[in-house]
Number of protein chains: 8
Amino acid sequence: EYATLDLDRNRRTGFPEVVYGAGKSPEQLVGIFSRLREHQELVLATRINEEQAEAVLRHWPDVRYEKEARLLIGAQKPFEPVREGYVAIVAAGTSDWPVAQEAAWTVRCFGSEARVIADVGVAGIHRLFQRLDEIRGAAVIVCIAGMEGALASVLAGLVDKPVIAVPTSVGYGANLGGIAALLSMLNSCANGVAVVNIDNGFGAGYLAGMIHRQSV
Amino acid sequence: EYATLDLDRNRRTGFPEVVYGAGKSPEQLVGIFSRLREHQELVLATRINEEQAEAVLRHWPDVRYEKEARLLIGAQKPFEPVREGYVAIVAAGTSDWPVAQEAAWTVRCFGSEARVIADVGVAGIHRLFQRLDEIRGAAVIVCIAGMEGALASVLAGLVDKPVIAVPTSVGYGANLGGIAALLSMLNSCANGVAVVNIDNGFGAGYLAGMIHRQSV
Amino acid sequence: EYATLDLDRNRRTGFPEVVYGAGKSPEQLVGIFSRLREHQELVLATRINEEQAEAVLRHWPDVRYEKEARLLIGAQKPFEPVREGYVAIVAAGTSDWPVAQEAAWTVRCFGSEARVIADVGVAGIHRLFQRLDEIRGAAVIVCIAGMEGALASVLAGLVDKPVIAVPTSVGYGANLGGIAALLSMLNSCANGVAVVNIDNGFGAGYLAGMIHRQSV
Amino acid sequence: EYATLDLDRNRRTGFPEVVYGAGKSPEQLVGIFSRLREHQELVLATRINEEQAEAVLRHWPDVRYEKEARLLIGAQKPFEPVREGYVAIVAAGTSDWPVAQEAAWTVRCFGSEARVIADVGVAGIHRLFQRLDEIRGAAVIVCIAGMEGALASVLAGLVDKPVIAVPTSVGYGANLGGIAALLSMLNSCANGVAVVNIDNGFGAGYLAGMIHRQSV
Amino acid sequence: EYATLDLDRNRRTGFPEVVYGAGKSPEQLVGIFSRLREHQELVLATRINEEQAEAVLRHWPDVRYEKEARLLIGAQKPFEPVREGYVAIVAAGTSDWPVAQEAAWTVRCFGSEARVIADVGVAGIHRLFQRLDEIRGAAVIVCIAGMEGALASVLAGLVDKPVIAVPTSVGYGANLGGIAALLSMLNSCANGVAVVNIDNGFGAGYLAGMIHRQSV
Amino acid sequence: EYATLDLDRNRRTGFPEVVYGAGKSPEQLVGIFSRLREHQELVLATRINEEQAEAVLRHWPDVRYEKEARLLIGAQKPFEPVREGYVAIVAAGTSDWPVAQEAAWTVRCFGSEARVIADVGVAGIHRLFQRLDEIRGAAVIVCIAGMEGALASVLAGLVDKPVIAVPTSVGYGANLGGIAALLSMLNSCANGVAVVNIDNGFGAGYLAGMIHRQSV
Amino acid sequence: EYATLDLDRNRRTGFPEVVYGAGKSPEQLVGIFSRLREHQELVLATRINEEQAEAVLRHWPDVRYEKEARLLIGAQKPFEPVREGYVAIVAAGTSDWPVAQEAAWTVRCFGSEARVIADVGVAGIHRLFQRLDEIRGAAVIVCIAGMEGALASVLAGLVDKPVIAVPTSVGYGANLGGIAALLSMLNSCANGVAVVNIDNGFGAGYLAGMIHRQSV
Amino acid sequence: EYATLDLDRNRRTGFPEVVYGAGKSPEQLVGIFSRLREHQELVLATRINEEQAEAVLRHWPDVRYEKEARLLIGAQKPFEPVREGYVAIVAAGTSDWPVAQEAAWTVRCFGSEARVIADVGVAGIHRLFQRLDEIRGAAVIVCIAGMEGALASVLAGLVDKPVIAVPTSVGYGANLGGIAALLSMLNSCANGVAVVNIDNGFGAGYLAGMIHRQSV
Ligand SMILES: Nc1ncnc2c1ncn2[C@@H]1O[C@H](COP(=O)(O)O)[C@@H](O)[C@H]1O
Ligand SMILES: Nc1ncnc2c1ncn2[C@@H]1O[C@H](COP(=O)(O)O)[C@@H](O)[C@H]1O
Ligand SMILES: Nc1ncnc2c1ncn2[C@@H]1O[C@H](COP(=O)(O)O)[C@@H](O)[C@H]1O
Ligand SMILES: Nc1ncnc2c1ncn2[C@@H]1O[C@H](COP(=O)(O)O)[C@@H](O)[C@H]1O
Ligand SMILES: [Mg+2]
Ligand SMILES: [Mg+2]
Ligand SMILES: [Mg+2]
Ligand SMILES: [Mg+2]
Ligand SMILES: [Mg+2]
Ligand SMILES: [Mg+2]
Ligand SMILES: [Mg+2]
Ligand SMILES: [Mg+2]
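Residues numbered from 1 in each chain as written. Chains lettered and ligands numbered in written order. Predicted model: local features only at pLDDT ≥ 70, side-chain atom pairs only at ≥ 80, totals over all residues. Heavy atoms only, no water.

Bringing the overall build of chain A into the picture now. Of the regular secondary structure elements, chain A holds nine helices and nine strands. The C-alpha radius of gyration of chain A comes to 17 Å, within 12% of the 17 Å expected for a compact globule of 216 residues. When the 216 residues of chain A are sorted by exposure, 70% land in the buried category. In chain A, once contacts between residues fewer than 6 apart in sequence are set aside, the share between residues at least 24 apart is 68%. Carbon and sulfur atoms form 47% of the exposed surface of chain A, whose accessible area is close to 6,800 Å². (Helix = DSSP H or I, 4+ residues; strand = E, 2+ residues; numbered from the N terminus. Rg over C-alpha atoms; globule rule 2.2 N^0.38 Å. Buried < 20%, exposed > 50% of the residue type's maximum accessible area, 1.4 Å probe, protein only. Contact = heavy atoms within 4.5 Å. Areas by Shrake-Rupley, 256 points an atom, 1.4 Å probe, with all protein chains shown as cover.)

Here it is, written out as structure tokens:
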């Protein structure tokens with residue numbers, strides 16, 4: 001038996017098991033979806049390519065495929081925020097857009113509102129200042145940046161809210177597939193930043209959703 | 001002029017500028033302390049060795065030197081929690097104790113209660129289960145571990161609270177000065193974990209304090 | 001001559017030469033198979049893709065191709081365990097399944113029983129406890145995990161049997177193709193763990209089979 | 001409270017909790033020793049320097065300090081092997097001697113006989129062949145080597161017993177503190193090898209003792 | 001003969017040979033100084049510790065030892081700028097001060113004015129804006145930062161002058177001795193940045209001096 | 001909204017925003033081009049593949065696609081140098097040609113003349129000497145090399161002009177995708193060298209153009 | 001002009017310029033071949049794929065394409081050894097065969113005899129001993145191995161001839177694309193070994209040919 | 001028994017066993033020297049510090065301690081070259097002197113003449129050309145360089161003799177303890193270079209001596 005589902009996850013952590021789609025065959029995915037849907041109101045799967053999505057949608061046409069975010073979302077309720085306030089998803093460049101979408105939809109799965117503020121990286125820092133009030137109004141901030149990842153430090157020095165930083169693999173050469181941005185964010189000279197894995201929009205959205213949930 | 005103090009920090013981030021002690025001469029440190037005390041109720045300095053501490057204490061005997069935590073704390077008020085709830089500081093081994101203390105005192109500077117639960121690493125995992133209720137009762141969890149850093153993943157799978165993970169440099173050989181634990185925590189299979197720099201108890205305590213502050 | 005077969009290997013090590021399939025042309029593979037079959041009861045080849053498998057099966061239809069495990073097995077006898085007890089193959093996630101299969105079939109080639117216990121990773125640790133009796137009943141344990149590889153440490157703290165750990169390349173970003181799990185397992189805070197190469201299910205199954213063989 | 005002792009360890013794993021000495025103050029060490037001696041027949045501590053050893057011996061003069069191996073051993077019984085057969089500890093160079101001693105004494109703590117065969121590295125490979133019968137007679141082999149760590153592969157190709165390989169930090173430059181030997185051993189072209197952390201003689205002796213224990 | 005002096009360097013590059021002090025014995029240093037003084041108006045030596053400085057000053061008391069900058073400067077003329085304009089040396093934190101001094105004095109050796117603007121890192125970014133006019137007035141900008149090195153990108157997005165970036169080894173853990181800041185600066189999302197080696201204030205000052213020299 | 005254009009960039013830095021083409025969809029690219037053309041005389045996009053180029057050219061046939069350089073250039077004026085002097089682009093091998101072209105065209109966008117001197121690497125160093133007068137005549141030098149990147153050091157020792165070095169990913173094995181040349185250039189024993197990211201011909205041309213612009 | 005041929009190379013080094021084929025377009029390759037053939041008796045090109053080979057052969061059908069070795073050889077004379085003695089090319093596994101061929105043909109271009117002794121790696125070390133007389137009879141030895149590269153050390157301990165070691169990228173996981181074998185060979189405990197780049201059969205054959213040429 | 005001497009080494013390789021001094025206690029060293037002197041005409045020990053040297057010289061005052069080279073040489077004959085020709089030891093900077101001495105004395109132990117040509121690095125490349133005739137006259141060339149190690153490539157492009165390259169740990173920051181020079185030399189664009197470990201003057205001298213021995 002290739003899968004041992006963790007049907008108790010929601011009770012322990014307040015969020016049901018999430019399927020990691022990478023490398024799973026369409027058959028495995030359908031099998032896992034089938035069983036999870038019996039027990040969970042929400043079935044979320046990450047890192048889903050189009051072939052995998054089609055296989056799942058063939059069985060359950062109501063499942064939502066967010067293609068840019070590479071997420072499959074099977075939910076029994078529409079996505080209405082269930083609490084006040086919002087999570088700001090701040091992204092440095094246009095190329096970070098898919099990771100920002102992954103974070104935003106994960107936040108929505110938590111029942112929170114997500115506002116995406118894209119392409120405000122430090123090469124033109126006034127773009128950040130123009131949106132600063134909106135960012136400061138958030139309960140939690142997700143900061144997404146590739147290349148040198150400087151946005152996280154700059155942002156954290158300007159706000160009084162937790163910053164969850166996501167390095168992305170946008171870049172080339174000495175970027176080392178996102179390691180440059182990762183190290184940058186881990187070494188932030190501004191305080192109040194914690195970091196998730198490279199390109200892990202899901203993980204940042206998850207933590208942001210969890211923090212928001214308990215902050216109100 | 002070697003220093004440009006950020007006297008506006010408290011207004012922007014809700015916490016005053018903190019001094020990074022490593023590599024500063026005792027004279028520089030005293031100079032910076034002197035100016036900060038004029039403007040800030042709380043003056044916190046991290047990574048302070050005994051020689052540095054003595055130089056500062058000679059001027060201001062009321063400053064508190066937490067030697068294990070390597071912190072200098074100049075505060076005008078005693079450390080009474082100003083809000084309900086607490087932050088749990090969970091450490092894997094006895095060798096992680098100093099980093100745990102750094103995190104705990106930083107949390108206290110934020111006006112929150114910090115409870116340290118030490119030496120409950122996964123080699124004897126029942127030790128973690130014995131303290132699980134206390135951990136689950138916290139508003140935020142700081143998880144500190146060296147070697148392979150497995151504690152963060154295990155913990156995150158058991159709680160519905162944010163986990164801020166601190167890899168430590170405890171270990172040798174392929175530990176690579178804490179890189180093993182760092183990578184481990186960044187790749188947690190359990191969700192709801194974000195990571196700060198190796199041995200950065202201060203950074204984790206800071207973020208935990210900030211999350212706790214807004215959660216009540 | 002591109003190959004110098006080691007026909008003496010079985011005498012020295014108790015197991016015949018195994019073919020490393022990666023990068024070999026179908027012709028080379030058939031050539032090597034042909035000569036080994038003349039001298040060995042068992043001909044095992046690892047890392048075999050479908051094109052290579054077809055070339056070999058065209059010559060010897062009795063050879064078994066375990067596709068998930070990427071193994072070719074030419075054996076003159078059915079796979080009946082020749083000794084008491086069993087090897088437990090414990091895998092953290094569904095994505096580790098192919099490596100688990102490679103380990104399991106290698107164990108069987110040694111004449112031992114292999115029991116696969118899949119998807120019991122630490123994100124839902126109760127899944128491990130539910131299977132702990134079966135795991136404790138094994139003579140040797142192979143532990144397979146990607147991402148942060150925490151399962152190896154947790155498991156080793158719970159059993160009194162050797163744990164052979166296999167890091168897998170399951171994950172992304174700071175996983176570094178399995179290096180995160182590898183370092184994690186090498187730095188296990190629990191004792192009784194040794195590690196083989198990333199994705200090397202064959203190597204772990206081999207060592208487990210060898211240990212089991214002499215343990216009874 | 002800086003320590004949470006795992007007094008249940010012996011029941012679960014067949015070996016009591018072992019103290020990791022690195023970085024512990026003499027006071028912490030004496031405190032931990034004191035409590036462990038109340039519950040355990042055997043108290044073993046690794047990575048002990050002379051200052052730490054003196055502090056412990058001042059309290060309990062019967063504790064044995066193996067200085068080369070950097071071990072403290074508090075045992076209620078003399079070290080007589082309790083089972084047949086032996087573990088061979090094969091070391092490549094004279095500089096690997098301390099790691100070999102650490103492995104040997106750990107094996108003896110398990111109640112097994114340990115035979116050290118030192119300085120038989122591949123630069124003069126006939127030295128290995130001269131001792132091959134004695135090595136082949138062992139139930140388990142620990143192979144210790146620094147620099148390029150080639151001994152592990154050579155040895156594994158010549159024996160039908162498990163080889164537990166220990167890379168050492170002996171070397172310089174591109175040795176990278178033992179990483180060269182570590183990678184070498186992980187990539188052994190000969191089968192039946194698993195690897196522990198750099199300089200981890202204790203870990204290898206532990207696993208060898210465990211394998212030997214169940215092999216008779 | 002341990003040294004082959006490059007007495008032709010000034011003719012080719014416009015600046016005489018500079019002595020790299022690290023690892024040279026005081027005798028070697030005195031020997032080299034002695035010969036260079038015969039041929040060069042300016043003798044500059046970098047990475048000089050106090051013992052080395054004393055040995056040189058004993059022979060030539062007119063040589064200037066800039067202790068923070070670790071430079072020895074033997075010059076026949078006082079340091080008066082010989083051209084209009086200035087080089088701005090912008091440093092992120094107080095700990096970057098010594099590297100800033102090394103850069104500043106090297107610029108002065110080139111006959112240019114150097115203005116140091118210290119401790120204006122991105123954690124309190126208004127400090128940078130307060131000094132921006134002065135920075136924008138420079139002909140070339142040297143930007144010095146440790147930890148995550150974000151200052152270089154921010155700065156480059158705000159000015160129309162070349163930015164020579166110097167990563168420093170200020171930081172710990174995942175800073176990797178300055179590699180984090182180095183990678184950050186190499187991956188700047190803002191254009192117009194080039195990078196020198198970690199802590200290489202001399203190299204940055206040299207290039208800045210050269211650019212300034214030809215810009216007027 | 002996936003893009004927040006920095007229409008103010010030209011005012012601040014003297015050069016308009018440049019589009020980073022990698023990973024952008026043809027639609028995104030056309031959208032961004034469309035808006036930039038309204039505000040900027042020059043629209044430059046880097047890392048453009050043929051599919052992207054076609055999409056843009058379909059809308060604006062006057063845009064120039066430099067295929068080897070992978071640049072799209074939308075300019076309202078022909079490329080006539082607007083100032084005296086030139087930038088020398090010196091490349092080590094034939095394989096570095098595309099990066100040299102990227103640098104050269106970027107220099108031309110700055111209004112400067114670019115002269116490419118290709119395939120004069122150190123394996124046949126007389127080729128460099130044959131072109132040395134032309135190189136020395138330049139105001140700034142861009143030096144492009146893969147493999148071991150030695151050309152940068154050799155060149156810097158022979159000229160009195162700034163050298164902007166570009167490591168390329170030309171090579172294999174221990175070249176590590178250009179890291180060998182990058183480290184080499186950062187550690188140049190000759191002074192006056194600063195480095196940009198691997199394969200970043202654009203960045204080097206940009207800085208060279210900026211230096212040239214202010215040098216006359 | 002993309003190429004500056006080094007037509008003087010033969011005079012300086014005793015061997016004409018060799019073309020590095022990787023990344024060159026068929027047109028560039030034909031252009032370079034055309035000019036080199038006018039000046040050199042021997043035109044050698046490395047890392048040539050089939051498409052490139054076809055383009056060249058279409059122009060000069062007499063050029064020899066060694067497909068496994070990925071070499072193009074345009075020679076005016078047949079390959080008869082011009083001196084006594086031979087170079088032994090010793091390879092560890094079947095998968096190292098292409099690199100061995102690259103080395104062998106390069107040696108032949110030097111006018112020396114090359115004898116390939118393949119698949120004699122240390123997993124079955126008697127295979128090496130069986131061929132030892134032939135190896136010892138060589139003037140120079142090229143040793144080619146992937147995985148852990150142990151063969152180089154073993155061989156160097158058994159012969160009184162120079163050993164040029166070539167690590168190959170054969171392996172997976174912690175092999176890191178040949179880095180494991182490279183580090184292994186650089187750290188050889190046996191003396192008389194020097195190393196070339198990963199998979200660089202050409203470089204090793206070149207050096208071996210050069211040594212052989214002057215040894216007789 | 002901590003040592004198993006390889007008294008047969010001279011017969012196999014033409015050079016007796018050499019002692020690796022690093023980490024050996026003075027007692028171990030004296031013990032090994034004592035036994036080797038009984039069997040070998042030449043006893044060579046590398047990486048010897050002053051304390052070790054004194055211990056050995058107390059027993060055998062005729063042993064020669066080359067302090068800069070950190071070698072102990074116990075030889076029964078004076079160092080007269082026994083063959084024609086010489087080995088050129090070419091070093092880039094003054095700081096590479098100790099490694100050059102280690103190489104030179106090793107060559108002399110082989111009975112060859114060694115000529116050291118120091119401080120002729122590429123920052124002032126005319127220094128190399130001034131000595132080129134002497135270098136070209138050598139039978140073998142050892143090239144020693146730290147920082148970016150460019151000298152090896154330049155040299156190899158100018159000579160028709162084997163170049164054995166030794167990277168040194170001279171440098172700082174992104175030099176990574178010699179890794180920069182090591183990678184540089186492994187990726188030489190000029191042919192005829194092979195590399196030994198960082199700072200391994202002994203290994204290079206050994207191979208050069210061996211090549212010279214057979215070249216005449
Ligand atoms: N994108 C993701 N990144 C990291 N972890 C994930 C991601 N998606 C799911 N997971 C977690 O990965 C664990 C293992 O997945 P599986 O291979 O599906 O058994 C699940 O329990 C999830 O909590
Ligand atoms: N999957 C595997 N991983 C590691 N080693 C292997 C594997 N399969 C076979 N081997 C070993 O690799 C050695 C070299 O293989 P070959 O290239 O076939 O000569 C064989 O002797 C096997 O013992
Ligand atoms: N080839 C390149 N290398 C590095 N940075 C670039 C390159 N091309 C454009 N950029 C910069 O990358 C920034 C972010 O790009 P974007 O993803 O387009 O928002 C832009 O502001 C440019 O200044
Ligand atoms: N396989 C190879 N590995 C390393 N260097 C090579 C190889 N083939 C040719 N070369 C060298 O690479 C240099 C640069 O090549 P090119 O890019 O052709 O100008 C040539 O001068 C050759 O000496
Ligand atoms: Mg943008
Ligand atoms: Mg403990
Ligand atoms: Mg699962
Ligand atoms: Mg020895
Ligand atoms: Mg400051
Ligand atoms: Mg060329
Ligand atoms: Mg084989
Ligand atoms: Mg010099």
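With that out of the way, let us pick up the coordination of the magnesium ion (ligand 10). Protein-derived coordination of the magnesium ion (ligand 10) comes from Asp119(F) (OD) and Asp119(F) (OD), at a distance range of 2.3 to 2.8 Å. Residue position: Asp119(F) is located in the loop between β6 (113–117) and α5 (126–130). (Donors = N, O, S within 2.8 Å, 3.2 Å for Na, K, Ca; no water.)

Right, let's get into the interface of chain D and chain H. With 17 residues of chain D at the interface, the matching set in chain H holds 21 residues. With both chains or domains summed, chain D and chain H bury close to 1,500 Å², and 52% of this area falls on carbon and sulfur atoms. By the criterion of area lost to chain H, the three top residues of chain D are Thr94(D), Arg127(D) and Tyr172(D), representing 38% of everything that side buries. Our enumeration of links across chain D and chain H arrives at zero salt bridges. (Buried area = accessible area lost by both parts, 1.4 Å probe. Salt bridge = Lys/Arg side-chain N within 4 Å of Asp/Glu carboxyl O.)

With that settled, the discussion passes to the site of ligand 4. Around ligand 4 sit 17 residues in total, of which Asp119(F), Tyr172(F), Arg9(G), Lys24(G) and Thr46(G) are the nearest. Proximal residues around ligand 4 fall on chains F, G and H, making this an inter-chain site. Measuring from an oxygen atom of ligand 4, one finds a side-chain N or O atom of Asp119(F) at 3.0 Å. One nitrogen or oxygen atom from the side chain of Arg9(G) is found 2.9 Å from an oxygen atom belonging to ligand 4. The protein chains hide 94% of the 510 Å² of surface that ligand 4 would expose on its own. In terms of residue count, the dominant contributor to the shell around ligand 4 is strand β1 (residues 18–20) of chain G (three residues). The class makeup of the residues in the shell around ligand 4 is seven nonpolar, six polar and four charged. (Near = heavy atom within 4 Å. Polar contact = N/O pair within 3.5 Å; in protein donor to acceptor, adjacent residues only side chain to side chain. Nonpolar A, V, L, I, M, F, W, Y, C, P; charged D, E, K, R; others polar.)

Take the pairing of strand β7 (residues 140–145) of chain B next. All names here are of chain B. A large share of β7 lies buried, amounting to six of its six residues. Neither face of β7 is left uncovered, since the one carrying Val140, Val142 and Ile144 and the one carrying Ile141, Cys143 and Ala145 both have all their residues buried. As defined by bridge partners, β7 adjoins strand β8 (residues 163–167) across five bridges and the pair is classed as parallel. Within β8, the position partnered with cysteine 143 by the bridge is alanine 165. As a crossover connection, the stretch from β7 through helix α7 (residues 151–156) into β8 is right-handed. (Pairing = 2+ DSSP bridges. Right-handed = clockwise from strand over helix to strand, strands pointing away.)

In this description, a pair of aromatic rings is defined by centroid distance and the angle of the planes. Within the structure shown, the criterion is met by 61 aromatic pairs over all chains. On the numbers, 5.8 Å between centres and 70° between planes, the contact of Phe202(B) with Tyr206(B) is edge-to-face. With Phe202(B) and Tyr206(B) both in helix α9 (residues 201–215) and four residues apart, this pair spans about one turn of that helix. Of the two residues, Phe202(B) and Tyr206(B), neither departs from the other in class, the shared state being buried. Between Tyr172(D) and Tyr20(H) the ring centres are 6.3 Å apart and the planes differ by 25°, which places this aromatic pair in the stacked class. A residue pair is termed interchain when its members come from two chains, as with Tyr172(D) in the loop between β8 (163–167) and α8 (179–186) and Tyr20(H) in strand β1 (residues 18–20). Accessibility expressed as a relative area gives 15% for Tyr20(H), which makes it buried. Three or more aromatic residues link up through ring pairs in this structure, and these residues are Phe15(A), Phe110(A), Phe202(A) and Tyr206(A). (Phe/Tyr/Trp six-rings, centres within 6.5 Å; stacked < 30°, edge-to-face > 60°.)

Next up on the list: the environment of Gly23(D). Residue and element names in this part refer to chain D. Mapped onto the fold, glycine 23 is located in the loop between β1 (19–20) and α2 (26–39). Overall, the relative accessible area of 77% leaves glycine 23 in the exposed class. A sequence separation of 24 residues divides glycine 23 from arginine 47, and the C-alpha atoms of the two residues are 9.2 Å apart.

Once that is clear, we can look at helix α3 (residues 50–59) of chain C. Residues and elements named next belong to chain C. Among all positions of α3, only Gln52, Ala53, Ala55 and Val56 are buried. Looking straight down α3, one finds its buried side chains confined to an arc of 160°; they lie on one side. Exposed side chains of α3 directed beyond 90 degrees from the buried face belong to Glu51 and Arg58. Taken together, the buried residues of α3 touch α2 (26–39), β3 (64–66) and β4 (71–75). (Arc of directions from axis to C-beta.)

Moving on: the relation of the copies chain D and chain H. Least-squares fitting of chain D to chain H yields an RMSD of 0.0 Å, with the transformation described by 0.0 Å of translation along the axis and a rotation of 90°. One copy is carried onto the other by what is essentially a four-fold rotation axis. By C-alpha distance to the rotation axis, the residue of chain D lying nearest is Leu176(D), at 7.2 Å. (Least-squares fit on C-alpha atoms with pLDDT ≥ 70 in both.)

The next thing to look at is the sheet that holds strand β4 (residues 71–75) of chain B. Each strand in a sheet pairs with another by means of backbone hydrogen bonds, the pair being arranged parallel or else antiparallel. Residue and element names in this part refer to chain B. Pairing within the open sheet is mixed, and its four strands lie in the order β1-β2-β4-β3. Of all strands in the sheet, those bounded by a partner on one side alone are β1 (18–20) and β3 (64–66). The sheet shows a mean angle of 15° between the axes of neighbouring strands, direction not considered. Relative to strand β2 (residues 42–46), β1 runs parallel, the two sharing three bridges. In the strand pairing of β2, tyrosine 20 is matched with threonine 46. Most of the contacts of helix α2 (residues 26–39) go to β2, to which it runs at about 155°, and overall it touches β1, β2 and β4. (Axes fitted to C-alpha atoms, helices over the stretch in contact; angles between N-to-C directions.)

The next point concerns the interface of chain C and chain D. Listed per partner, the contact involves 33 residues of chain C and 32 residues of chain D. Of the roughly 2,700 Å² buried between chain C and chain D on both sides combined, carbon and sulfur atoms contribute 57%. Contact with chain D buries area across many residues of chain C, yet Leu186(C), Asn191(C) and Gln214(C) alone supply 23% of it, more than any other trio. In this structure, the connection of chain C to chain D is made through zero salt bridges. Remark: the boundary between chain C and chain D carries nine residue pairs in polar contact (both at pLDDT 80 or more). Going through the elements one at a time, α1 (9–13), α8 (179–186), β9 (193–195) and α9 (201–215) of chain C are the ones with two or more residues in the side of chain C that touches chain D. Among the residues making up the side of chain C that touches chain D, the classes are represented as 18 nonpolar, nine polar and six charged.

The next point concerns the site of ligand 2. Surrounding ligand 2, one finds 16 residues, the nearest of these being Arg9(C), Lys24(C), Thr46(C), Asn191(D) and Tyr172(G). At the site occupied by ligand 2, the surrounding residues belong to chains C, D and G. Interatomic distance of 3.0 Å between a side-chain N/O atom of Asp119(G) and an oxygen atom of ligand 2. When isolated, ligand 2 has an accessible area of 500 Å², and the protein chains bury 93% of it.

The two partners chain B and chain G share no contact, and the minimum distance between any of their C-alpha atoms is 13 Å. If you take every C-alpha in chain A and every C-alpha in chain H, the smallest gap between them is 13 Å, and the two do not touch.

Turning our eyes to something else, we now look at the packing of helix α4 (residues 97–109) of chain C against α9(C). All names here are of chain C. α9 packs onto α4 with a crossing angle of 35° between their chain directions and a minimal axis gap of 7 Å. Like other packed secondary-structure pairs, α4 and α9 cross with a definite hand, here right-handed. Contacts from Val99, Glu102, Ala103, Thr106 and Val107 of α4 reach α9 at Gly201, Phe202, Gly205, Tyr206 and Ala208. Taken together, the residues that form the contact of α4 with α9 break down as six nonpolar, three polar and one charged. (Left-handed = near helix turned anticlockwise from the far one by under 90°.)

Next up on the list: the pairing of β6(F). Pairing of strand β5 (residues 86–91) of chain F with β6(F), which is carried by five bridges, proceeds in the parallel orientation. Note on β6(F): the bridge partner recorded for Ile89(F) is Val116(F).

Another point: the relation of the copies chain C and chain D. Its rotation angle being 180°, the transformation that places chain C on chain D also includes 0.0 Å of axial translation and leaves an RMSD of 0.0 Å. The two molecules are tied by a two-fold rotation axis, judged by turn and shift. Distance from the rotation axis, computed per C-alpha, reaches its smallest value in chain C at Ser215(C): 1.8 Å. A symmetric contact is evident, with 97% of the interface residues of chain C recurring at the interface of chain D.

Quick look at the side chain of His212(A) now. Residue and element names in this part refer to chain A. Within the secondary structure layout, histidine 212 lies in helix α9 (residues 201–215). Residue histidine 212 is classed as buried on the basis of its relative accessible area, which comes to 0%. Within polar-contact distance, the side chain of histidine 212 engages the side chain of serine 112 at 2.8 Å. Those residues in contact with histidine 212 that sit more than four places away from it in its chain are Arg83, Glu84, Gly85, Tyr86, Val87, Ser112, Ala139 and Val140.

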